[in-house]
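# Analysis of the macromolecular model
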Amino acid sequence: SPLPPRMAAATMCGAGPAGSARLGEDLPPPGPDVGPTPPRRSGRRPASSPALQLPCDDAAIAALLSPRKLALDCGGASAGGVEATKLLKASFGSLSDNRAALDLTGPFKDAERAVLLDSETRHVLAAAVVHVRAGSVLEVPLFATAKKFRGQGFGSALYAALAGLGRRLGLQTLVVSATDESRAFWVRQGLHAKTFCGAAEKSAMSSLEQRGLVTSFQNTTLMAAPIPQGLEPPPLALDQRDRDRLPGLKARAAASTHCYEDINDKGSFWVAADGSRQWRAPYPADEMLTGVDPNVKWVPYKELEAFFAGPTRGWGLRCTRDIKDTEFVVEIVGRCLSFEEYEQLEDKTYAVGFPENISEAKRAAGDRLQYIDPKTEGGLWRFINDSEEAPNLRLVYIPRFEKPSAKNPDGVLPKRAFLQAAHDIPAGVELTWDYGPAYPRPWKEAEASEAGGQALRVDEGGRRAAAKWASAEPGRSVSSPTPADVGAAERCRG
């Protein structure tokens, strides 16, 4: 099926070696051929600062990192050197006028740096500023992975090390300041914004905020998670060969494999009484994006590709080049349906509708266009997964919706919908969007039940029964594809 249910979000890391050491636990002495590189401690600190608190001599962390030729450097403002300073500054644009977080002065005088290094070249792979807060909280106001090393598990490695250090200190909650671009990464690590957190994490964040202790920079979101106790550390995937072994599918191949016709270059259409197609294009001027922004920029459709993201995620969509903030990625296209035509469908799995407020206005105005169905005719947008908490795309309706008013009794009703980049998106990153509050996410309740009634942990990236941008048909699902689906176009026959 071309629109599989998206299961739990895949971790950023791949399979690790069996028997990986648990962070923060005592280990047997290393064998004669493997000696863990002890973490370094370096850097200057203000004279008034208390002793460093991070237990960076942790043998388990050294044992975890050393076989992968990684090392941890902890200390003051010079830990990781100029390379780490540049990395942290580049990742947080709001630091340009506030160097306290970089110099570990002012409100950061008791903070430390933790830097992940290549143990052979000493290149900085990832870096963080860390605060040990009274009351069992490990705060990470700054965290960044070097751009050329992203997507290889180094950010996850540093997070695993920090979680292990926090556990050794007996801390319970980890709090970070996440940029828009990094929210999806933190969700994959198990952290969530306050709205999605469990009660204990919400309480920890509220306490820090009320006491003026938590640090939040411009355009960042506070996210938190419990520090895992006795949990296996995330395995590291330090090369991308396994992930890249299965190639993506361009538009024509995706359509052939998943049994639909790609009509992205034609737009949406109505089906006439005689069964013929009546294409909506060419569109009137008020339905053109250039009427909203004369300088509108598009991601070339040929740069998009469907890809199999693993058995837990199913199929997704990515771009082979970087996407800039506000670039338009793809249009929602398919067969146009009135409410009556929608009700007559035998299979409503794939049909999507406008948000309720727009739908009501359309019904009142006699506008037939209520749904778009991409089941047999659509585009690559049908592979885009739901992400309630950290989407990197947003919906834009054209024309812009306006309620009827004295000035404009008819109002303005949208006829088209597009997905636009919500922020810069690196090449290869999975594209996601929020299907909206009306979309059923039954896996939440299942996970809460599996957890024995404990605080809910939202698994992002996933699990969809159909692509609904607003309303949805609850209880519907479609089967999850496997790698065998790639090249299996013959399944479409019959």
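### Looking at the pairing of strand β5 (residues 137-145)
Here β5 lies mainly inside the structure; 9 of its 9 residues are buried. Of the strand pairs in this sheet, β5 and strand β6 (residues 173-179) are connected by 4 bridges, and their pairing is parallel. Opposite Glu-139, over in β6, you have Val-175 as the bridge partner. Of the crossover connections in this fold, the one passing from β5 over helix α4 (residues 154-168) to the parallel β6 is right-handed.

### Focus on the pattern of salt bridges
The tally for this structure, following the rule as stated, stands at 17 salt bridges. A salt bridge links Lys-69 to Glu-120; the shortest N-O distance between them is 3.6 Å. A residue pair is termed long-range when its members are at least 10 positions apart, and Lys-69 in the loop between α1 (59-65) and β2 (70-75) and Glu-120 in the loop between β3 (112-118) and β4 (124-133) qualify at 51 residues. A relative accessible area of 46% means that Lys-69 is categorised as partly exposed. Glu-356 is the salt-bridge partner of Arg-363, the closest N and O atoms lying 3.1 Å from each other. Accessibility expressed as a relative area gives 45% for Glu-356, which makes it partly exposed. Linked through salt bridges whose partners overlap, the residues forming this network are Glu-261, Lys-266, Arg-277 and Glu-377.

### Considerations on the packing of aromatic side chains
Taken as a whole, this structure holds 15 aromatic pairs when the rule is applied. Both rings, one in Trp-298 and one in Phe-328, keep their centres 5.9 Å apart while their planes meet at 40°; by these two values the pair is tilted. Placement of Trp-298 in the loop between β11 (277-279) and β12 (304-308) and of Phe-328 in strand β14 (residues 328-331) is noted, with a sequence separation of 30 residues between them. Among the residues examined, Trp-298 registers a relative accessible area of 36% and is labelled partly exposed. By relative accessible area, Phe-328 is classed as buried at 6%. Taken together, the ring pairs in this structure connect Phe-143, Tyr-159, Phe-185 and Trp-186 into an aromatic cluster. A cation sits over an aromatic face here: Arg-277 above Phe-269, 5.2 Å from the ring centre. Above the face of the Trp-270 ring, Arg-368 is positioned so that its terminal group lies 4.1 Å from the ring centre.

### Remarks on a negative patch on the surface
Residues Glu-181, Asp-322, Asp-325 and Asp-424 make up a contiguous surface patch of negative charge. Residue position: Asp-424 is located in the loop between β21 (416-421) and β22 (432-433). We classify Asp-424 as partly exposed; its relative accessible area is 36%.

Here is what the cut-offs are and how they apply
- Residues numbered from 1 in each chain as written.
- Predicted model: local features only at pLDDT ≥ 70, side-chain atom pairs only at ≥ 80, totals over all residues.
- Heavy atoms only, no water.
- Buried < 20%, exposed > 50% of the residue type's maximum accessible area, 1.4 Å probe, protein only.
- Helix = DSSP H or I, 4+ residues; strand = E, 2+ residues; numbered from the N terminus.
- Pairing = 2+ DSSP bridges.
- Right-handed = clockwise from strand over helix to strand, strands pointing away.
- Salt bridge = Lys/Arg side-chain N within 4 Å of Asp/Glu carboxyl O.
- Phe/Tyr/Trp six-rings, centres within 6.5 Å; stacked < 30°, edge-to-face > 60°.
- Lys NZ or Arg CZ within 6 Å of the ring centre and 35° of its normal.
- Patch = residues over 30% accessible without salt bridge, like charges linked within 9 Å, V, L, I, M, F, W, Y side chains within 5 Å.
- Areas by Shrake-Rupley, 256 points an atom, 1.4 Å probe, with all protein chains shown as cover.
- Lys, Arg positive; Asp, Glu negative; His and termini not counted.
- Charge placed at Lys NZ, Arg CZ, Asp CG, Glu CD.

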